[in-house]
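# Remarks on the overall topology
Residues per chain are reported as follows:
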Amino acid sequence: QVQLVESGGGLVQPGGSLRLSCAASGIRFSIAYMAWYRQAPGKQRELVATARSNGNTNYADSVKGRFTISRDNAKNTLYLQMNTLKPEDTAVYYCNVVWLGLTYWGQGIQVTVSS
């Protein structure tokens, strides 16, 4: 079955960095269209970044220039490098894939940006 397992979250001070990882199984990762979403308390889940199998990436305006999505197809792993973090980046971050017509989510990982 499809599994997405996030890691790398935690507490960081404003201006700091974190790297999230998402280990995927049960899919042909190299051809999968992968994404990161986030959900802050009291807000709707929002798209953060996407990574196509051809290497193309897209970002939400709020994270452009600060976050970088990447993938290691040999390790079946998706990454999100987050730099210059702000308190408004505080949220639960989710890895996402749509595979064979079904949507799958990781369990989510907390990122808290606070001094």
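The residue numbers shown here count from 1 along each chain, following its written sequence. Where local features are concerned, this predicted model is filtered to residues with pLDDT of at least 70; where side-chain atom pairs are given and counted, the filter is 80 or more; whole-chain, interface and lining totals use all residues. For the side-chain quantities, the full set of heavy atoms in the structure was used; hydrogens and water were omitted.

### Quick notes on the state of the cysteines
Put plainly, two cysteines are in a disulfide when a covalent bond ties their sulfur atoms together. Stated formally: Disulfide: a pair of cysteine sulfur atoms within 2.5 Å of each other. Here a helix means four or more residues in a row that DSSP labels H or I, a strand means two or more in a row labelled E, and each is numbered from the N terminus. Here's how the labels work: a residue is buried when its accessible area is under 20% of the maximum for its type, exposed when over 50%, partly exposed in between, all with a 1.4 Å probe on protein chains only.
A complete count under the given rule lists 1 disulfide for this structure. Covalent S-S linkage joins Cys22 and Cys95, the inter-sulfur distance amounting to 2.1 Å. Across the S-S bond of Cys22 and Cys95 the torsion is about -80 degrees, and the bridge reads as left-handed. Here Cys95 lies in strand S9 (residues 91-99) and Cys22 lies in strand S3 (residues 18-25), a separation of 73 residues in the sequence. Look at Cys22 and you get buried, because its relative accessible area is 0%.

### Considering the nonpolar core
Formally: The set of buried Ala, Val, Leu, Ile, Met, Phe, Trp, Tyr and Cys residues whose side-chain atoms join them within 4.5 Å is what this entry labels a nonpolar core. Two residues qualify as a contact provided that any one of their heavy atoms is within 4.5 Å of a heavy atom in the partner residue.
Judged by nonpolar contacts, the single largest core of 32 residues is most densely connected at Ile27, Met34, Trp36, Leu78, Leu80, Met82 and Tyr93. Discounting chain neighbours no more than four positions away, the residues touching Leu80 are Leu18, Arg19, Leu20, Trp36, Val48, Ala49, Phe67, Thr68, Ile69 and Tyr93.

### Here we look at the environment of Thr103
Mapped onto the elements of the fold, Thr103 is located in strand S10 (residues 102-105). Since its relative accessible area comes to 44%, Thr103 is described here as partly exposed. Sequence separation of Thr103 and Val2 is 101 residues, and the distance between their C-alpha atoms is 9.8 Å.

### A few points about the pattern of salt bridges
Selection criterion: Put simply, a salt bridge is a Lys or Arg side-chain nitrogen that is within 4 Å of an Asp or Glu carboxyl oxygen.
The tally for this structure, following the rule as stated, stands at 4 salt bridges. Among the salt bridges present, the one from Arg38 reaches Glu46, with a minimum N-O distance of 2.6 Å. For Glu46, a relative accessible area of 35% gives the class partly exposed. The residue Asp89 makes a salt bridge to Arg66 at a minimum N-O spacing of 2.7 Å. With Asp89 in the loop between strand S8 (77-82) and S9 and Arg66 in the loop between strand S6 (57-59) and strand S7 (67-72), this residue pair connects regions lying 23 residues apart in the sequence. Arg66 shares its class with Asp89; the two are buried.

### Quick look at the side chain of Arg38
Where we set the bar: Each polar contact in these results corresponds to two N or O atoms within 3.5 Å; when the atoms are within protein, one needs to be able to donate a hydrogen and the other to accept it, and residues that are neighboring in sequence are counted only if both atoms are side-chain atoms.
For Arg38, the position within the fold is in strand S4 (residues 34-39). Judged by relative accessible area, Arg38 falls into the buried class, the value being 6%. Among the polar contacts made by the side chain of Arg38, one reaches the side chain of Glu46 at a distance of 2.6 Å. Here Arg38 is in contact with Gln44, Arg45, Glu46, Val48, Ser62, Val63, Phe67, Glu88, Asp89, Ala91, Val92 and Tyr93, once residues within four sequence places are set aside.

### So, the pairing of S7
Defined as follows: When DSSP locates at least two bridges between a pair of strands, those strands are taken to pair.
Burial along S7 is one-sided: Phe67, Ile69 and Arg71 are buried, and none of Thr68, Ser70 and Asp72, which face the opposite way, are. In this structure, S7 lies alongside S8, joined through 6 bridges in antiparallel fashion. Bridge assignment links Thr68 to a residue of S8, and that residue is Gln81. Linking two consecutive strands that pair antiparallel, namely S7 and S8, is a turn of 4 residues; a positive phi of about 50 degrees is found at Asn76 within it.

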